[in-house]
Number of protein chains: 2
Amino acid sequence: MTDRIIITDVGPRDGLQNQLKILATDERVALVRAIADAGVSQIEVGSFVSPKAVPAMAGTDQVFAGLRDQPEYSATSLALIPNMKGYQLARDAGAKMVTMVLYASDGMAQKNAAMSMAEAEAVTVDILNCAREDGIEVVATVAVAFECPFDGPTDPAVVENVVARFMAYGADQVVLADTIGAAHPQQVRDLTAALVAEHGAERLGCHFHDTRAMGLANVFAAVESGVRRFDSSIAGLGGCPFAPGASGNVSTDDVAMMLAQMGFETGIDLGKLMLASDLAARLTGTAPGGRAKPWLQNYLLKTA
Amino acid sequence: MTDRIIITDVGPRDGLQNQLKILATDERVALVRAIADAGVSQIEVGSFVSPKAVPAMAGTDQVFAGLRDQPEYSATSLALIPNMKGYQLARDAGAKMVTMVLYASDGMAQKNAAMSMAEAEAVTVDILNCAREDGIEVVATVAVAFECPFDGPTDPAVVENVVARFMAYGADQVVLADTIGAAHPQQVRDLTAALVAEHGAERLGCHFHDTRAMGLANVFAAVESGVRRFDSSIAGLGGCPFAPGASGNVSTDDVAMMLAQMGFETGIDLGKLMLASDLAARLTGTAPGGRAKPWLQNYLLKTA
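Residues numbered from 1 in each chain as written. Chains lettered and ligands numbered in written order. Predicted model: local features only at pLDDT ≥ 70, side-chain atom pairs only at ≥ 80, totals over all residues.

1. As for the overall build of chain A
Secondary structure assignment for chain A yields 13 helices and ten strands. Seen through its principal axes, chain A has C-alpha atoms that stretch 50 × 40 × 35 Å. By sequence separation, contacts in chain A at least 24 residues apart represent 74% of the contacts at least 6 residues apart. (Helix = DSSP H or I, 4+ residues; strand = E, 2+ residues; numbered from the N terminus. Contact = placed C-beta atoms within 7 Å.)

2. Side note on the nonpolar core
Counting residues in hydrophobic clusters, the biggest one holds 204 residues, and the most contacted among them are A:Val98, A:Val142, B:Val98 and B:Val142. Setting aside anything within four residues of it in sequence, one finds B:Val142 in contact with B:Leu102, B:Ala104, B:Val159, B:Val162, B:Val163, B:Val174, B:Val175, B:Leu176 and B:Ala177. (Core = buried A, V, L, I, M, F, W, Y, C linked by C-beta atoms within 7 Å. Buried ≥ 20, exposed ≤ 12 C-beta atoms within 10 Å, placed from the backbone.)

3. Here's the deal with the sheet that holds strand S10 (residues 229-232) of chain B
Residue and element names in this part refer to chain B. Judged by pairing direction, the barrel is parallel, and its eight strands sit side by side in the order S1-S2-S3-S4-S5-S8-S9-S10 before closing back on the first. The average undirected angle you get between the axes of adjacent strands in this sheet is 30°. Pairing analysis gives four bridges linking strand S8 (residues 173-177) to strand S9 (residues 204-207), with the strands arranged parallel. For Ala 177, the partnering residue across the bridge sits in S9 and is His 207. (Pairing = 2+ DSSP bridges. Axes fitted to C-alpha atoms, helices over the stretch in contact; angles between N-to-C directions.)

4. A look at the relation of the copies chain A and chain B
Expressed as a screw operation, the relation of chain A to chain B combines 0.0 Å of axial shift with a rotation of 180°, fitting to an RMSD of 0.0 Å. Seen this way, the second copy is the image of the first under a two-fold rotation axis. Every residue of chain A has its C-alpha some distance from the rotation axis, and the shortest such distance is that of A:Ala217, at 1.9 Å. Both copies present the same face, since 100% of the interface residues in chain A are matched by interface residues at the equivalent positions in chain B. (Least-squares fit on C-alpha atoms with pLDDT ≥ 70 in both.)

5. Things to note about helix H5 (residues 84-93) of chain A
All names here are of chain A. Of all the positions in H5, only Gly 86, Tyr 87, Ala 90, Arg 91 and Ala 93 are classed as buried. The buried residues of H5 occupy an angular sector of 160° when the element is viewed end-on, so they sit on one face. In this structure, H5 carries Lys 85 and Asp 92 as exposed residues pointing more than 90 degrees from its buried face. On the buried face of H5, the contacting elements are helix H3 (60-67), strand S3 (77-81), strand S4 (97-103) and helix H7 (117-134). Looking at the residues trailing H5, positive phi occurs at Gly 94, about 100°. (Arc of directions from axis to C-beta.)

6. Some remarks on the interface of chain A and chain B
Reports of interface size often rely on the accessible area that becomes lost once the parts have come together. With 19 residues of chain A at the interface, the matching set in chain B holds 20 residues. Breaking the side of chain A that touches chain B down by element, the ones donating at least two residues are helix H9 (185-199), helix H10 (215-225) and helix H11 (252-261) of chain A. Residue composition of the side of chain A that touches chain B, by class: twelve nonpolar, four polar and three charged. (Nonpolar A, V, L, I, M, F, W, Y, C, P; charged D, E, K, R; others polar.)

Read these as geometric descriptors, not functional statements.
In structure tokens form, the structure reads like this:
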């Protein structure tokens, strides 16, 4: 256990792909830069998926190009990829980290990727092998790790098994995703405690949505278990286009504030984070903002 | 530890006293009845304070009178009182439970009650002695148990001492109030774990505000420590007129949903609770609603 927590802002990917408004490349670059300037450790910059399926993510290679002038942006940038073709596009675009999605249910694997759980695993193993040669880090994200909108509650044993396999395969990070925001904190506490006991916390992360207002409670529960890596989304942008009932990711605004108050080091400057959050709201016209944003902005004003 | 959790809805008091719109007696009665009909264990029906200081709470005796026809309403109704005069008014109105506020800071005691911490304690001891003879239960609520807007962070030792004294005096419940919604879950976990270890959980409760979006995280942290009594407010109504920076209480809507999902028995029918929440919104015109209310309403519709 350490006092440092790594935040990955997934807003420019998980957030923007769910907004009605599609942003221009330079807007996406500006948003990523603003988040990076606030000191966020890692940023999911975009995805290399079919532009027909997810129009908002077309041109992610140009977003990477727009970040190339400053090495600190490139170093913190991740790309979500659905398959080997996506991996190659991400690599060619200069991504140093890629996220590949695994599934804890066949229903979600079919709907989201038209694959079985086993097929998604096989693809990810192939990508891991390529990435090792290319010097690219791989994040293996286990979707619907707590509940699936198609198959119902997820058996923790299924998640424990897929996590164990990808820890053994040498994935650089393995992330439990509560894709539809259905997890409750006791469930999170129990599953993460078991996984940290088995694998340590070094490579384990969590990804929560705030659908049922339990985002921060779930982050706290995972922190208690020793988890020190979290996905969150600037201004609470987010959702999942193929998962009915999914709403915004837990917001980076709220997570950074809570962790700061709990004494953890995230590297984030809360004042600059509010600027990034304001920008996200302005660009999308729909960002809900962090739930605690009114309080936080008032506090920052008073203590400036 | 038990699987049953007692919810006290403080909306008709802590909520309504902070709304711009002052409700008529029959509207207040209707709101209390709706909350009681949803199965909420205890309801803070109003306060017996100066109508000049808190106009929204004038006529609380008439609210009690409006509940007298059904014994189950009277049995679950609490009155907040500031002093012995308030106690006598509450008793005469038929209250079977009263809440008296103690303070973990002198700054808040002065601003809220124009007393010192010690004076508020002395008054509460007098009230405890009267209430024992009258067969009335006393809830001793420790305000600013985590942070005070005037005196800053609260020393946990101060809270531990006042809780120990009122446990010893025989208070029926002792409630830790995060009056301005400043607590973070690790702080809650640590303090409640120490108090449950010392006094057991039977008479201990927690009262959280959602100012920084950590309301549910704090409820979970206290549940982990064994706390089984929580204050919350229908539709998230709330605040504190004398505490700068305080916003709404954590909503009963959210707390009841989370606890149900975690497998606890609260006695609450979530569908009927949504009716009470809708009524609160309609009557006040300002109720923010539970944060998870859109999700919960959709879920209840789909599973009806």
